[in-house]
Amino acid sequence: MASKRMQKSLKFIEGELTNLILVNNAEYSDCSLIESKASTSPQFDGFMTAIFKLNITVKSHKSHEKINCDLIVKLMKGSEDFRTTTKYLTQFRNEVYIYGKVIPAFTAFLKDKNSSIECEKWVPKVYYHFYGKVPALSNFPESVLVLDNVSSLGFRNPLSYFELDLDHLFFMLKTIGEYHALSYAMRISDEDHFKKLVDGIVPLCYQDNNNGDNAYDVLHKIGLVRLFEYLDRRSDVYVGRVKDELESLRRKYLNCPTKMLDLLRGDDHPYSVIQHGDYNRNNVLFKYDDGGSKKPIDMRMIDFQEVRYGSPAFDLSFVLFMNASSATRDQHWEELLHYYHDTLFKSLMEILDCDEDDERLEVYKYESFYKHFSRFAIYGVFIVAHFLPWMDCSLKECELLAYHFKTNMKSQEFWDISMSAGGDATNEKIFDVVKHASKMGYLKVVLDEKEAG
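In this report, the structure presented in the accompanying data block is examined. Please read these numbers as outputs of a predicted model, since none were measured by experiment.

What counts, and where the lines are drawn
Residues numbered from 1 in each chain as written. Predicted model: local features only at pLDDT ≥ 70, side-chain atom pairs only at ≥ 80, totals over all residues. Heavy atoms only, no water. Helix = DSSP H or I, 4+ residues; strand = E, 2+ residues; numbered from the N terminus. Rg over C-alpha atoms; globule rule 2.2 N^0.38 Å. Buried < 20%, exposed > 50% of the residue type's maximum accessible area, 1.4 Å probe, protein only. Contact = heavy atoms within 4.5 Å. Areas by Shrake-Rupley, 256 points an atom, 1.4 Å probe, with all protein chains shown as cover. Axes fitted to C-alpha atoms, helices over the stretch in contact; angles between N-to-C directions. Parallel < 35°, antiparallel > 145°, perpendicular 65-115°, else oblique. Left-handed = near helix turned anticlockwise from the far one by under 90°. Nonpolar A, V, L, I, M, F, W, Y, C, P; charged D, E, K, R; others polar. Phe/Tyr/Trp six-rings, centres within 6.5 Å; stacked < 30°, edge-to-face > 60°. Lys NZ or Arg CZ within 6 Å of the ring centre and 35° of its normal. Core = buried A, V, L, I, M, F, W, Y, C linked by side-chain atoms within 4.5 Å. Pairing = 2+ DSSP bridges. Arc of directions from axis to C-beta. Polar contact = N/O pair within 3.5 Å; in protein donor to acceptor, adjacent residues only side chain to side chain.

1. A look at the overall build of the protein chain
Thinking step 1. Secondary structure summary: the protein chain contains 16 helices and 10 strands in total.
Thinking step 2. By the compact-globule yardstick of 22 Å for 453 residues, the protein chain fits well, its C-alpha radius of gyration being 23 Å.
Thinking step 3. Projecting the C-alpha coordinates of the protein chain onto the three principal axes gives extents of approximately 75 × 60 × 50 Å.
Thinking step 4. The proportion of buried residues among the 453 residues of the protein chain is 54%.
Thinking step 5. Restricting to contacts in the protein chain with at least 6 residues of sequence separation, those with at least 24 account for 76%.
Thinking step 6. When the accessible surface of the protein chain is summed, it comes to about 20400 Å², and 50% of that surface belongs to carbon and sulfur atoms.

2. A closer look at the packing of helix H12 (residues 378-392) against helix H15 (residues 423-439)
Thinking step 1. With their axes 9 Å apart at the nearest point, H12 and H15 run at an angle of 155 degrees to one another. Classified by the interaxial angle, the pair formed by H12 and H15 is roughly antiparallel. Where H12 crosses over H15, the handedness of that crossing is right-handed. Contacts between H12 and H15 involve Val 381, Val 384, Ala 385, Leu 388, Pro 389 and Asp 392 from the former and Thr 426, Lys 429, Ile 430, Val 433, Val 434 and Ala 437 from the latter.
Thinking step 2. Here the contact of H12 with H15 is composed, by residue class, of 9 nonpolar, 1 polar and 2 charged.

3. Regarding the packing of aromatic side chains
Thinking step 1. Within this structure, the stated rule accounts for 28 aromatic pairs.
Thinking step 2. Put simply, the rings of Phe 321, Trp 333, Tyr 340, Tyr 366, Phe 369, Tyr 370, Phe 373 and Tyr 442 pair up and form one aromatic cluster.
Thinking step 3. Above the plane of the ring of Phe 109 lies Lys 113, whose end atom (NZ or CZ) is 4.1 Å from the centre.

4. Quick word on the nonpolar core
Thinking step 1. Core analysis: the biggest nonpolar cluster contains 129 residues, and Phe 106, Ile 274 and Phe 414 have the highest contact counts within it.
Thinking step 2. At 13 residues, helix H3 (residues 88-110) tops the list of elements feeding residues into this core.
Thinking step 3. The contacts of Phe 106, once residues within four sequence positions are left out, are Cys 119, Trp 122, Tyr 179, Leu 182, Ser 183, Met 186, Leu 197 and Ile 274.
Thinking step 4. Among the nonpolar cores identified, the runner-up in size contains 23 residues, and Ile 56, Val 73, Tyr 127 and Tyr 128 belong to it.

5. Remarks on the sheet that holds strand S8 (residues 284-288)
Thinking step 1. Within the open sheet, the 3 strands sit side by side as S6-S8-S9. Their pairing is antiparallel. On the outer flanks of this sheet lie strand S6 (155-156) and strand S9 (296-301), each paired with one strand and no other.
Thinking step 2. Of the pairings in the sheet, the one linking S8 to S9 comprises 5 bridges and is antiparallel in character. Directly across from Lys 287, in S9, lies its bridge partner Asp 298.
Thinking step 3. Here helix H4 (residues 166-189) sits on the sheet in contact with S8 and S9, set at roughly 45 degrees to S9.

6. A look at the packing of helix H10 (residues 326-352) against H15
Thinking step 1. The N-to-C vectors of H10 and H15 enclose an angle of 15 degrees; their axes lie 10 Å apart at closest approach. Taken together, the axis directions place H10 and H15 in an arrangement best described as roughly parallel. Along this stretch, H10 crosses H15, giving a crossing that reads as right-handed. Here Ser 326, Arg 329, Asp 330 and Trp 333 of H10 lie close against H15, whose contacting residues are Asp 432, Val 433, His 436 and Lys 439.
Thinking step 2. Tallied by class, residues from the contact of H10 with H15 come to 2 nonpolar, 2 polar and 4 charged.

7. Quick look at the sheet that holds strand S3 (residues 66-76)
Thinking step 1. As summarised here, the arrangement of the 5 strands in space is S1-S2-S3-S5-S4, forming an open sheet in which the pairing is antiparallel. Each end of this open sheet is capped by a strand with a single partner; those strands are strand S1 (31-39) and strand S4 (126-133). With strand direction ignored, the average angle separating the axes of adjacent strands in the sheet is 20 degrees.
Thinking step 2. Sheet topology places S1 next to strand S2 (residues 49-60); 8 bridges connect them, and they run antiparallel. Across the sheet, Ser 32 pairs through a bridge with Lys 59, a residue of S2.

8. Looking at helix H5 (residues 191-199)
Thinking step 1. Every buried residue of H5 is listed here: Phe 194, Leu 197 and Val 198. Viewed along the axis of H5, the buried residues span an arc of 95 degrees, placing them on a single side of the element. Exposed side chains of H5 directed beyond 90 degrees from the buried face belong to Asp 192, Lys 195, Lys 196 and Asp 199.
Thinking step 2. Against the buried residues of H5 lie H3, H4, strand S7 (273-274) and strand S10 (309-310).

9. What to know about the side chain of Thr 86
Thinking step 1. For Thr 86, the location among the structural elements is in the loop between helix H2 (80-85) and H3.
Thinking step 2. From its side chain, Thr 86 meets the backbone oxygen of Phe 82 in a polar contact 2.6 Å long.

10. Section: unusual backbone geometry
Thinking step 1. Of note, the bond from His 269 into Pro 270 is cis; its omega dihedral lies within 30 degrees of zero at 5 degrees.
Thinking step 2. Tracing the backbone through its elements, the reader meets Pro 270 in the loop between helix H8 (257-265) and S7.
Thinking step 3. A positive phi is found at Lys 87, a non-glycine position, where the angle reads about 65 degrees.
Thinking step 4. Among the residues examined, Lys 87 registers a relative accessible area of 13% and is labelled buried.
Thinking step 5. Phi at Asp 303 is positive, roughly 60 degrees, even though this residue is not glycine.
Thinking step 6. Looking at the secondary structure, you find Asp 303 in the loop between S9 and S10.

This is the structure we're talking about:
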């Protein structure tokens, strides 16, 4: 039997929310509602969200034709205490802001520009967005997002759940390169407007002022403890420069990894952008060609809960460290970084209608960009240490992780499954990322800089 919360949600979606969708979208201005039907199942749900399919049938007063609209409704999960501890309230508020304010502002900014960028194709079409009190659901803040169900257009999760090939990575890098370019272009052309956009993002800190452990503290500490527990058993490979750098990390940040993350979170003008924040294969949808090929031909971004204003390296190191195989990183790392930067830089030239020698673009040339990236790329290592086990483990282990995290993230049960999920095969993948970061100088640059400070 459906839970009380589920019953409330279905009633809200089929009633009040359906009316809001019809009122707030001009395409339905001459239509009357025939039927609204919402459905859900456990496989629809995201980790932090309850996902509903909504089919609305309306009749046009002009043509007398019936029109069907397939939508996705995204609501928050959890009690008020859980949402506070996990920072979900801030995360979902910011996500609604990205869909409802930032991307429309970027789209409007491009309207009179000679640009090939189509912001409206970055994400599924938004039919309704709201953050605040929804009495029909609860007495505390809720987020409500209604998006086009693009599965009917052929979009789906990546065919590979584990690692992405070059075709997929290039698509992700192109999209995020365009997205980041809008931050730079708007700041250069209309700094006041851009500042107002940034000010609308609620700062999402990793640490809390009350000295209590939040979800970031728990997850990132487990990630580092797990990494060092593995390396302490592997004296055969834990040697040399990577050991020196990691031991510095252990001394300074093992008990407070979020301190390092908050240092990285700071504004590094002029490189800071409005991030995606959670730019991973589970937060994008691909469309494939009709010939049965595994080659993607289009893409949409979803799930902006971790959005911050900060280094583009957060998105870039996340996608490359979490989604590229060890072989891809070794063979194509510079190619991938250059592809992202080429997209970013060409987008800027196009939007600003200037050439590559324009003095406004000097700081965004590859050498300067790479120097900035190198200082912040360690962020992706922190992400991999705690999140790769979730993506790499068995379905049963993943279900246990999610269950114990929602039940009590500070429990011994959650600690134990987090330390073991995926086994040493996953630990080896994590260490491969760490070794690559060390080889590229990303660990030494950041750790030496922070230690000197």
